[in-house]
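Chain residues, written in single-letter form:
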Amino acid sequence: SQDPQILYSHLRAGAESGWDFSSRWFKEKNSFETIHTTDIIPVDLNCLLYHLEQSIAEAYEMNGDKTNTRNYAALAEKRKKAIEQYCWNEEVGFYFDFDWSGNHQKKTMTLAGVTPLFFKISSAEQAEKISLHIQENFLRPGGVLTTLETTGQQWDAPNGWAPLQWMTITGLENYGHTSLAKEIAVRWIKLNTAVFKRSGKLMEKYNVVDTHLEAGGGEYEGQDGFGWTNGVLLALIKKYGPCD
């Protein structure tokens, strides 16, 4: 068992990540007590920070501050190289989190690996490899899985979450993989619509494996309606139609 102070820091970091909780943060996929979030360099967090550094550079450029424009553009470029160095796995053809304390990539394949496509960090060749994994490993009747592990944690299989569908769809579109992007969107729209017709509600998460079952897991009761579910569904319907 872990020291309580260390354990609580891992739990807080896992909650702050938004993925609360997932085998992504565990050393052993079915063992919550092996959570070690603060040992992990998450690929999606670093893509978000890359985008933030780019945005700050653009803001300084608009303000005529050339020094800080260069500084933040350099930070973004340095982070992009680090993401490639530490998170890209050429052999597998996918992005993974990096365990800095153990000095190795995590082996858990998660949908966080599509974030570099969303922010246009990847090459066309990398995007092609990632799209194959999405098609072969993540795509299910209701959309795409969060991870490939079924653990009872809510940010694992069989659950799908709206923001991850959006990032996957947009990321694939960014690199011309439009048919797969549309397939994911149509499946997600149909699932959301079917559950709404059954229950009169939109949900925070969905079971994308068995579309007749509700999603489960988590340290709290499932929530009715969620901003990201509502927003993503409306945006996808606007683009692809209602798909009844």
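Residues numbered from 1 in each chain as written. Predicted model: local features only at pLDDT ≥ 70, side-chain atom pairs only at ≥ 80, totals over all residues. Heavy atoms only, no water.

Draft legend 1. How the structure looks around the pattern of salt bridges. Counted according to the given criterion, the structure contains 10 salt bridges. The residue Arg79 makes a salt bridge to Glu53 at a minimum N-O spacing of 2.9 Å. Separated by 26 residues along the polypeptide, Arg79 in helix 3 (residues 66-87) and Glu53 in helix 2 (residues 43-62) bring together distant segments of the chain. Under the relative-accessibility criterion, Arg79 is labelled partly exposed at 22%. Judged by relative accessible area, Glu53 falls into the buried class, the value being 10%. The salt bridge involving Asp224 is made with Lys201; its shortest N-O contact spans 3.1 Å. Of this pair, Asp224 sits in the loop between strand 9 (206-207) and helix 8 (227-240) while Lys201 sits in the loop between helix 7 (178-199) and strand 9, and the two are 23 residues apart along the sequence. Salt bridges here are not isolated pairs; linked through shared partners, they connect Arg24, Asp44 and Asp97. (Salt bridge = Lys/Arg side-chain N within 4 Å of Asp/Glu carboxyl O. Helix = DSSP H or I, 4+ residues; strand = E, 2+ residues; numbered from the N terminus. Buried < 20%, exposed > 50% of the residue type's maximum accessible area, 1.4 Å probe, protein only.)

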